[in-house]
Amino acid sequence: MVRCSCKLFRKYGNFIDKLRVFTKGGSGGMGYPRLGGEGGKGGDVWVVAHKRMTLKDLKDKYPQKRFVAGEGANSRVSALKGSKGKDCEVPVPVGISVTDENGKIIGELNKEEDRLLVAEGGLGGKLLTNFLPLKGQKRTIHLDLKLIADVGLVGFPNAGKSSLLSRVSRAKPVIADYAFTTLKPELGKIMYSDFKQISVADLPGLIEGAHKNKGMGHKFLKHIERTRQLLFVVDVSGFQLSSQTQYRTAFETVILLTKELELYKEELHAKPSLLAINKMDLPDAQDKFHELMYQLQNPKDFLHLFEKKMIPEKIMEFQHVIPISAITGEGIEELKSCIRKSLDEHANQENKGYHEKQLLNLRTLSTVVQ
């Protein structure tokens, strides 16, 4: 058992979504008391987002994980105002949240070329400092990656998420017939005939208790926070992690997935959600699908079958429920159409809400001016 878990850890270790680095702003330059010259300010340390960067690239390129900016130039007769020290940049992937040692959020970088000041350089020597330079700020920071995607695939292991991603996009995730196929997040893009692109993230499979950090736990759950909508992927035949764990029907799987998301972060309920019922190519799939649809339409009639602690406060409402087979391709085009329709509707609602808010602000301003 120990050998197996170590192997799992090593494989996951190829993908890094957390990194701790040391940063230090440059010291200021010496002032020139006799002539009132000011030393240059020390350089600053910035965290900068780049599209093609990963935290593993960062760790490989800078194994010491130390980023120190340059010192400000001393004031001298030929240059009474010393030049500023050279800034230092920490290149990170898009989707990084930066926190200090106490867990306080310093900021986030959600698009390419976003910049965040993390360690300021010290002032150069001047009259205010008795012409003595100040040291730069020292700061150990934590870089936490949360993938940004339009759609996040949610499902227990072996639900067929990797197969689905390979069907709807050009991504080539590793696919096998056993639990925990996906050991690291995979990103793909759905390409439409009018050149519209929608990004999809296939994330490590949840298990019961993931909110307590069991299995992949928070390594999975934190990534869905930044997806615009969720796509639940459920095996029509149900799910059983191993012979030692309880078998769950498709309906139980939906309820348990909902509960895990709720326990991790209740706000995830607010995200638009779709449900893909996978493996419709299996025998008796149609009968099981019809049974599941009846249960989804009348959930309260079946909640007595669950332990109280397993019942979510709010039952997930799906905008679309689509039967599919990631193996044969059944229902894939309909699913792609529903994903786009849902995202477009949500974007329109957001734009409408933004414009209504702007209009309200203008009316309020007009009332105040009058």
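The structure displayed is predicted, hence computed values, not measured ones. (Residues numbered from 1 in each chain as written. Predicted model: local features only at pLDDT ≥ 70, side-chain atom pairs only at ≥ 80, totals over all residues. Heavy atoms only, no water.)

## Digging into the environment of Arg34
- Positionally, Arg34 belongs in the loop between β1 (18-24) and β2 (45-50).
- Here the alpha-carbon distance between Arg34 and Phe131, two residues 97 residues apart in the chain, equals 9.8 Å. (Helix = DSSP H or I, 4+ residues; strand = E, 2+ residues; numbered from the N terminus.)

## Thoughts on the sheet that holds strand β3 (residues 66-68)
- Pairing is mixed in the open sheet, where 5 strands are placed in the order β3-β1-β8-β5-β6. With one partner strand each, in any of the chains shown, β3 and β6 (105-109) form the two edges of the open sheet. The average undirected angle you get between the axes of adjacent strands in this sheet is 25 degrees.
- Alignment of β1 against β3, held across 3 bridges, turns out to be parallel. From the neighbouring strand, Lys24 faces β3, where its bridge partner is Val68. (Pairing = 2+ DSSP bridges. Axes fitted to C-alpha atoms, helices over the stretch in contact; angles between N-to-C directions.)

## Some points on the pairing of strand β13 (residues 273-278)
- By the criterion of burial, β13 is predominantly enclosed, with 6 of the 6 residues buried.
- Burial along β13 is two-sided: Ser273, Leu275 and Ile277 facing one way and Leu274, Ala276 and Asn278 facing the other are all buried.
- Pairing of β13 with strand β14 (residues 320-323), which is carried by 4 bridges, proceeds in the parallel orientation. From the neighbouring strand, Leu275 faces β14, where its bridge partner is Val321.
- A crossover links β13 with its parallel partner β14, the connecting element being helix α6 (residues 285-297), and its sense is right-handed. (Buried < 20%, exposed > 50% of the residue type's maximum accessible area, 1.4 Å probe, protein only. Right-handed = clockwise from strand over helix to strand, strands pointing away.)

## Some points on the side chain of Thr227
- Note that Thr227 resides in strand β12 (residues 227-235).
- Other than its neighbours up to four places away in sequence, Thr227 contacts Ala149, Asp150, Val151, Gly152 and Lys271. (Contact = heavy atoms within 4.5 Å.)

## Description of the pattern of salt bridges
- Under the criterion given, the structure shown has 18 salt bridges.
- Linking Arg340 and Asp194 is a salt bridge whose minimum nitrogen-to-oxygen distance equals 2.7 Å. Pair noted here: Arg340 is in helix α7 (residues 332-369) and Asp194 is in the loop between β10 (186-191) and β11 (197-202), with a separation of 146 residues, a long-range link.
- On the accessibility criterion, Asp194 (43% relative accessible area) is partly exposed.
- Here the residues in one salt-bridge network are Lys41, Asp44, Lys84 and Asp87, joined through shared partners. (Salt bridge = Lys/Arg side-chain N within 4 Å of Asp/Glu carboxyl O.)

## Thoughts on the nonpolar core
- Core analysis: the largest hydrophobic core is formed by 31 residues, its most contacted members being Phe232, Leu261, Leu275 and Ile277.
- Listed by contribution, the elements that provide at least two residues to this core are β12, α5 (250-264), β13 and α6.
- With 8 residues, the top contributor of residues to this core is α5.
- Core analysis: the next-biggest nonpolar cluster, separate from the first, contains 24 residues, Leu58, Ala69, Val92 and Leu145 among them. (Core = buried A, V, L, I, M, F, W, Y, C linked by side-chain atoms within 4.5 Å.)

## Some remarks on the sheet that holds β2
- Overall, mixed pairing links the 3 strands, which are arranged β4-β2-β7 in an open sheet. The sheet is open, and its two edges are formed by β4 (88-93) and β7 (115-119), each paired on a single side. Recorded for the sheet is a direction-independent mean angle of 30 degrees between the axes of neighbouring strands.
- Here β2 pairs with β4 via 6 bridges, running parallel. Counted as the bridge partner of Val47 is Val90 from β4.

## Comments concerning the confidence of the model for the chain
- Summary statistics for the chain give a mean pLDDT of 84 and a share of 81% for residues scoring 70 or more.
- Within the chain, helix α1 (residues 2-12) has the poorest average pLDDT of any element, 34, and β3 the best, 98.
- Low pLDDT, under 50, characterises residues 174-182; the stretch is placed with 22 contacts to residues that sit more than four places away or in other chains.
- Here residues 209-218 is modelled with pLDDT under 50, and outside its nearest four sequence neighbours on either side it reaches 23 contacts, counting other chains as well. (pLDDT = per-residue confidence, 0-100.)

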